[in-house]
Amino acid sequence: MLTLLVFAGKTAFAADLAVDTLFLQFNQAVQSKNKVLQCQYSYNLASNFRFKGDVEQSIKYADIAFGLAVEIHDTARIINVLNVLAVNLQQKGNLNEAIQKYTEAIAFAETYGDTILLANSIENLGNIYGASGKTDFPKAIELLLKSARLKESAKAWNMLPGTYKSISSVFREMGDTLNRENYLLKAIDLVDRGLISNNSFIASVYNEVGRFYTEEKRDYQRAETYFDKVLAISRKLQWKKGMAVSLSNIANIKEKQAKFSEALDLHNQALKLKQEMNDLHGLAITYHSVGVVHFHLKHYPEAVKMLEQSVKIAHENNFTSALKDGYQTLYKVYRKLDMFKEALNNFEKYNVLADSISGDTHRKTIAELQTVYETAQKEQKIANLTTENKVSELKARQRTLIAFILAILLVSIVLMAFFIIRQHRLKNRQNEIVLNQKLLRAQMNPHFIFNALGSIQNFILNNEITDAAKYLAKFAKLMRNILESSLNEKIPVEREIEIITNYLTLQQIRDNNNFQFEIASEGALPDDCIPPMLVQPFIENSIKHAFDKTITDAKISVNYKFSATDILIEVEDNGHGINYDIKPKNKEEKSRAIELTRQRLNLLKKNNQEKGNITIDDLKETGSRGTRVTINLKRV
């Protein structure tokens, strides 16, 4: 029996992403409490595990994605997740539950109004009724033709080959060669025209073409060429389902060529992959195939063992077609063993199932559905012509309306320009006030104040009264300087150096002298004034993020360089460098320090026409270690 390859990727997924990358992205989304990203990455994980054949892990992350999609009201994601859950349940043999999930997906898609999502969900449901276990061919054809109509109306040519292939597969199961070839040729035509780029879809179509050349045309060499293409694509994508199916189909060709040893080896490879995936429907088919090969090799006990395993799985999961084939082959084996009672029992069971699957009523129903489909195609063409005429009339009206709207917009823009310029001036003043408030909060960091007071308390508790008094005096002086300087836009350079020296001394004591600092100046000390505590955010970043226990010679240097045209301030540390710390929270703090300083310099430029800029260098690039922040202020 040749094996159908149903591509379970009718929903988009990131199979090309490594699982560890997806786990990292998912965990980052959880930490940031971003439910949209959590939903996206958990869905990607579910799809990836489904693609790799890990059903339980796929269901686990699909359940997570479904809960999040419902919470954030992402209907499109709900539909896709329901399809993934259904495919997994289908593989486990829980066909009724799978049908329920597909039905829910269809209901959501109809409400949501997305034609493609609706068509994909309907097609997946049709595949269950076709060759994946339920064996209700009229129902399968009805659903698959409906899916085809929807995709044709949406001109989704890249998705239609898979649908045509599925319809062809059902007709193959029914023995309707004419309709089977008709739809298969439609699928091949779209692939050959380059209208499909998804390798998994292409593999699915190639697989069906291989089955056609094997069974209908008896061209085994050409059939094997197509199955080899499927195997190559599947191995490249690490798609276990595709590998297992192509191996089984190549094995069936070897069997038809009486190369039974090769066939047995290939079937066993496929069996191993399907066991890894827990693909119950695939296992039922492959156990049967292995039993058939043993039958040809006259290994009758082994054949009975494999065939009974196939029948057991098919019976437990209501895989009617596989069950029928199992009974038929068991009948043949028992006859060879002269076990006529068992042979008769299996033959009777086979006849009952064969009559129920290929009855005349089914053929009549399907013929009616085919007629309805062809009529709908003709009506759709007429509707498309009518729609095109209406669209032309609508475009003419739209052009007139657009010209009128543009005239109104032009007048509105002139009027708005005046108000925007006025508002811009007011906003600059408001930004200045807000920025000064941010600056004061940054300088009087609650964390720093708390730790400083803690250090004073520690000195007192350890009876280090002198040190406590000195530390308290420095702390009080720093607080007074910060409060006084916050009232002024700029302060003298000499006073700025004094404040920074006091700040670094307090930080050094609080940090148990774990770092050294140096403040130096080059050139004559100018009378110019500069913004207060301009370098404080960068010094704080160095203390908090540049060093760890591996650095024993930690040092921070602040250099003031004065020239006739510039005041250059450099803050340099010998820590790990700006790119070392990758914690999101720390990155945010560093970015806030840089942004705050840039805003102050921009505001200074707007108010006083004074230019300034900041550059940040990782000293690793120069063969050294640490970070250097350079602030360049132009003297007026």
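Each remark here, short or long, concerns the structure printed above.
What you see is a predicted model, and the numbers here were worked out from it, not measured in a lab. (Residues numbered from 1 in each chain as written. Predicted model: local features only at pLDDT ≥ 70, side-chain atom pairs only at ≥ 80, totals over all residues. Heavy atoms only, no water.)

**Re the overall build of the protein chain**
Argument step 1. Within the protein chain, the secondary structure is distributed over 23 helices and 7 strands.
Argument step 2. By residue count, 48% of the 636 residues in the protein chain fall in the buried class.
Argument step 3. Within the protein chain, contacts between residues at least 6 apart in sequence are counted, and of these 65% link residues at least 24 apart.
Argument step 4. Surface exposure of the protein chain reaches about 32400 Å², of which carbon and sulfur atoms provide 53%. (Helix = DSSP H or I, 4+ residues; strand = E, 2+ residues; numbered from the N terminus. Buried < 20%, exposed > 50% of the residue type's maximum accessible area, 1.4 Å probe, protein only. Contact = heavy atoms within 4.5 Å. Areas by Shrake-Rupley, 256 points an atom, 1.4 Å probe, with all protein chains shown as cover.)

**What to know about the sheet that holds strand E4 (residues 555–562)**
Argument step 1. One open sheet holds the 5 strands; their spatial order is E2-E4-E5-E7-E6, and the pairing between them is mixed. Edge strands, defined here as strands with exactly one partner in the open sheet, are strand E2 (516–522) and strand E6 (612–618). For this sheet the average axis-to-axis angle between neighbouring strands, irrespective of direction, equals 10 degrees.
Argument step 2. In the sheet, E6 pairs with strand E7 (residues 627–634) via 7 bridges, with the strands oriented antiparallel. Considered in E7, the bridge of Asn613 is made with Asn632.
Argument step 3. Along the sheet face, helix H21 (residues 493–510) touches E2, E4 and strand E5 (566–573) and points at about 170 degrees away from the line of E2.
Argument step 4. This element, helix H22 (residues 536–546), spans E4, E5, E6 and E7 of the sheet and lies at about 160 degrees to E4. (Pairing = 2+ DSSP bridges. Axes fitted to C-alpha atoms, helices over the stretch in contact; angles between N-to-C directions.)

**Section: unusual backbone geometry**
Argument step 1. Positioned with a positive phi, His73 is a non-glycine residue whose angle comes to about 60 degrees.
Argument step 2. With respect to the helices and strands, His73 occurs in the loop between helix H3 (55–71) and helix H4 (75–92).
Argument step 3. One non-glycine residue, Arg218, adopts positive backbone phi at about 60 degrees.
Argument step 4. Its place among the elements puts Arg218 in the loop between helix H10 (199–215) and helix H11 (220–237).
Argument step 5. Classification of Arg218 as exposed rests on a relative accessible area of 51%.

**Side note on the packing of helix H13 (residues 260–277) against helix H14 (residues 280–296)**
Argument step 1. At a minimum axis separation of 9 Å, H13 and H14 run at an interaxial angle of 160 degrees. Classed by the angle they form, the pair H13 and H14 counts as roughly antiparallel. The handedness of the crossing between H13 and H14 is left-handed. Note on element contacts: H14 touches H13 through Gly282, Leu283, Thr286, Tyr287, Ser289, Val290, Val293, His294 and His296, opposite Phe260, Ala263, Leu264, His267, Asn268, Ala270, Leu271, Lys274 and Gln275.
Argument step 2. Its residues placed into classes, the contact of H13 with H14 shows 9 nonpolar, 8 polar and 1 charged. (Parallel < 35°, antiparallel > 145°, perpendicular 65-115°, else oblique. Left-handed = near helix turned anticlockwise from the far one by under 90°. Nonpolar A, V, L, I, M, F, W, Y, C, P; charged D, E, K, R; others polar.)

**A few points about the nonpolar core**
Argument step 1. Of all hydrophobic cores here, the largest spans 71 residues; its most connected members are Leu125, Tyr164, Ile167, Val170, Tyr206 and Val209.
Argument step 2. Discounting residues that sit within four places of it in the chain, Val209 has contacts with Leu184, Ile188 and Tyr226.
Argument step 3. Counting 41 residues, the second largest nonpolar core, distinct from the first, contains Ile482, Leu504, Ile530 and Val571. (Core = buried A, V, L, I, M, F, W, Y, C linked by side-chain atoms within 4.5 Å.)

**Some words on a nonpolar patch on the surface**
Argument step 1. A cluster of nonpolar side chains, namely Leu401, Ile402, Phe404, Ile405, Leu406, Ile408, Leu409 and Ile413, defines an oily patch on the protein surface of about 780 Å² accessible area.
Argument step 2. Turning to its location among the elements, Leu401 is positioned in helix H18 (residues 360–443). (Patch = residues over 30% accessible without salt bridge, like charges linked within 9 Å, V, L, I, M, F, W, Y side chains within 5 Å. Salt bridge = Lys/Arg side-chain N within 4 Å of Asp/Glu carboxyl O.)

**What about the pattern of salt bridges?**
Argument step 1. Summed over the entire model, instances satisfying the criterion amount to 23 salt bridges.
Argument step 2. Measuring nitrogen to oxygen at the nearest pair gives 3.2 Å for the salt bridge that ties Glu276 to Lys240. Of this pair, Glu276 sits in helix H13 while Lys240 sits in helix H12 (residues 240–256), placing them 36 residues apart in sequence.
Argument step 3. Its relative accessible area of 41% is what places Glu276 among the partly exposed residues.
Argument step 4. A relative accessible area of 24% means that Lys240 is categorised as partly exposed.
Argument step 5. Here Glu572 ties to Arg628 by a salt bridge, and the two come within 3.1 Å at their closest N and O atoms. With Glu572 in strand E5 and Arg628 in strand E7, this residue pair connects regions lying 56 residues apart in the sequence.
Argument step 6. Exposure remark for Arg628: the relative accessible area of 25% places this residue in the partly exposed category.
Argument step 7. Residues joined by salt bridges that share partners form a network here, namely Arg172, Glu173, Arg180, Glu208, Arg211, Glu215 and Glu216.

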